[in-house]
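A closer look at the structure
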Amino acid sequence: MKKSLATVVLFFLVAQSYASYILIPMDVETQKNHLKAYGITYWTLKKELKVKWLLNYRGGSFLLPDTEAIQQECKIRGVSFEVISNAKTAEILETIASPSQNMEAVVLEKAPKVAVYTPKSKLPWDDAVTMVLKYAEIPYETVYDEEVLGDSLLLFDWLHLHHEDFTGQYGKFYSIYRSASWYVKEKQQAEALANSLGYQKVSQEKLAVALKIRDYVIGGGFMFAMCSATDSFDIALSAEGVDICETMFDGDGSSPAYQNKIDFNKTFAFTNYVLERSPLVYEFSSIDTTRKRAISKTTDYFSLMEFSAKWDPIPTMLCQNHTALVKGFMGQTTAFSREEIKSNVLVLGENKTNGEAKYIHGIKGKGFFTFYGGHDPEDYQHRVGDPKTELDLHPTSPGYRLILNNVLFPAAKKKKQKT
């Protein structure tokens with residue numbers, strides 16, 4: 001009997017030492033395809049399996065249950081992985097749990113349902129988020145004004161705002177492109193859509209959309225925006241009830257002295273900004289630093305901030321990367337003036353030389369928002385009509401990793417927030 005019991009115990013110990021997990025390392029030395037690694041993690045969550053996100057461990061690695069299917073999927077997608085024993089896993093988690101280490105293991109529980117707010121006419125490569133979701137093989141659905149106004153956002157956990165102009169000024173492209181066929185066509189389509197939805201002006205319809213998105217976030221949604229969708233969203237909210245559009249945009253003049261009527265209490269992230277009144281200037285307001293910055297492409301980088309993984313897991317998640325220094329890139333809204341960011345908004349990435357914030361995050365009601373300046377992390381100065389970025393050439397892009405951090409963020413097991 002004693003011999004039999006000893007055999008059972010020995011078998012159990014041996015089994016424990018050989019039981020295994022899959023570690024997807026996210027450091028610069030080991031991982032061949034950082035972007036597709038997020039897709040593997042999402043795919044695993046879709047199989048209703050839990051994943052641990054190892055914050056600040058080897059670039060923000062992922063710990064997955066070991067199955068033949070996951071191993072095979074990693075091989076197919078070209079994602080580097082390591083099969084590690086239970087004992088090795090316990091050793092890693094013990095290291096992460098140590099109070100001396102700025103690390104944390106966050107449980108990812110459920111694959112978030114993703115929506116991209118974008119016009120049906122836009123090509124996939126017009127938007128960095130759409131491109132990287134496709135590349136990482138993370139499924140998403142597109143929504144636009146009809147769906148937003150019809151409360152379809154309630155079906156989604158995460159929403160990305162395409163490079164939209166929520167002010168009704170058609171992206172402030174008037175000066176250069178007002179005679180271009182694509183500009184004329186998009187203006188006509190926007191006006192027809194607004195009228196079909198019961199609005200006299202595009203600016204009124206876009207405000208209604210912005211208010212619906214605001215309510216989605218306040219109710220617990222996760223919103224991510226890039227480029228002009230960041231500042232134009234806040235500007236639209238702050239200008240509720242005020243006409244800031246000139247005649248060429250909506251057929252009548254703007255409200256007299258409208259700058260004095262802007263309500264900064266209604267915005268998510270920005271305050272005390274000055275609107276750009278001229279329709280001939282390709283700019284919305286003083287929030288954006290594009291025209292103020294004096295920096296060359298070769299020296300344009302921004303730094304990711306370091307947070308306490310154990311005490312501030314949310315900003316730590318959003319900043320996971322294999323480098324703390326990320327290449328800058330431009331857009332209609334390239335980066336944000338530090339002086340015009342509200343004090344309760346976290347700066348996640350900044351260019352200290354220029355005094356500008358590139359990547360910011362905040363809480364609104366029960367939900368969260370992240371604003372990321374610029375158009376395409378691997379196309380420094382993207383212009384209308386430029387060819388699409390081939391992400392096969394940039395599988396380890398740290399700039400694109402920041403987008404995917406936000407996609408996985410809603411999957412994290414929620415802890416009770418401190419009050």
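Read on for an overview of the structure. Just so we're clear, the structure is a prediction, and the values are computed from it rather than from any experiment.

As a further point, take the pattern of salt bridges. The full count for this structure, using the stated rule, is 23 salt bridges. Linking Glu141 and Lys113 is a salt bridge whose minimum nitrogen-to-oxygen distance equals 3.7 Å. Residue Glu141 is located in strand S7 (residues 141-143), and its partner Lys113 is located in the loop between strand S5 (104-108) and strand S6 (114-117); the two are separated by 28 residues in the primary sequence. For Glu141, a relative accessible area of 41% translates into the label partly exposed. Judged by its relative accessible area of 35%, Lys113 is partly exposed. In this structure, the salt-bridge partner of Lys201 is Asp243, at a minimum N-O distance of 3.1 Å. Of this pair, Lys201 sits in the loop between helix H8 (181-196) and helix H9 (202-218) while Asp243 sits in the loop between helix H10 (228-238) and helix H11 (247-250); the two residues are 42 residues apart in sequence, bridging distant segments of the chain. Comparing Lys201 with Asp243 shows no difference in burial state: the two are buried. Each of Lys36, Glu73, Arg77 and Glu137 takes part in a single network of salt bridges with overlapping partners.

Before going further, it helps to spend a moment on the sheet that holds strand S3 (residues 61-65). Taking strand neighbours across the sheet as the criterion, the five strands line up as S4-S1-S3-S2-S5 in an open arrangement whose pairing is antiparallel. The open sheet is flanked by strand S4 (82-85) and S5, the only strands paired with a single partner. If you compare each strand with its neighbour and ignore which way they point, the axes differ by 30 degrees on average. In this fold helix H2 (residues 34-46) packs onto strand S1 (20-24), strand S2 (51-55), S3 and S5, with an angle of close to 35 degrees to the strand it touches most, S3. Helix H4 (residues 86-97) rests against S1, S2, S3, S4 and S5 of the sheet, and its axis sits at about 90 degrees to S4.

If you check H8, its first and last C-alpha atoms are 22 Å apart, about what 16 residues at 1.5 Å a residue would give, namely 22 Å. Turning to H8, its buried residues number three or more, namely Tyr183, Ala190, Leu193 and Ala194. One side of H8 carries all its buried residues, which in axial view fall inside an arc of 100 degrees. Summarising the geometry of H8, the exposed residues directed more than 90 degrees from the buried face are Ser181, Lys185, Gln188 and Ser196. Looking at the packing, one finds that the buried side of H8 touches helix H6 (145-149), helix H7 (174-177), H9 and H11. Looking one or two residues beyond H8, the residue adopting positive phi is Gly198, at roughly 95 degrees.

Let's shift gears to the side chain of Asp127. Position of Asp127 among the secondary structure elements: in the loop between S6 and helix H5 (128-136). Here the side chain of Asp127 touches His160 through a polar contact of 3.0 Å, side chain to side chain. A polar contact is formed between the side chain of Asp127 and the side chain of His163, at a distance of 3.4 Å. The residues touching Asp127, leaving out its near neighbours within four places in the chain, are Val116, His160, His162 and His163.

With six of six residues buried, strand S15 (residues 367-372) is to be regarded as a mostly interior element. The alternating pattern of S15 places Gly367, Phe369 and Phe371 on one face and Phe368, Thr370 and Tyr372 on the opposite face, and all of these are buried. Bridge count between strand S9 (residues 222-226) and S15: five bridges; the pairing is parallel. Among the inter-strand pairings, Met226 is bridged to a residue of S15, identified as Tyr372. Between strand S14 (residues 356-364) and S15, which pair antiparallel in sequence order, lie two residues; one of them, Gly365, sits at a positive phi of approximately 65 degrees.

Rules used in this analysis
- Residues numbered from 1 in each chain as written.
- Predicted model: local features only at pLDDT ≥ 70, side-chain atom pairs only at ≥ 80, totals over all residues.
- Heavy atoms only, no water.
- Salt bridge = Lys/Arg side-chain N within 4 Å of Asp/Glu carboxyl O.
- Helix = DSSP H or I, 4+ residues; strand = E, 2+ residues; numbered from the N terminus.
- Buried < 20%, exposed > 50% of the residue type's maximum accessible area, 1.4 Å probe, protein only.
- Pairing = 2+ DSSP bridges.
- Axes fitted to C-alpha atoms, helices over the stretch in contact; angles between N-to-C directions.
- Contact = heavy atoms within 4.5 Å.
- Expected span 1.5 Å × (residues − 1).
- Arc of directions from axis to C-beta.
- Polar contact = N/O pair within 3.5 Å; in protein donor to acceptor, adjacent residues only side chain to side chain.

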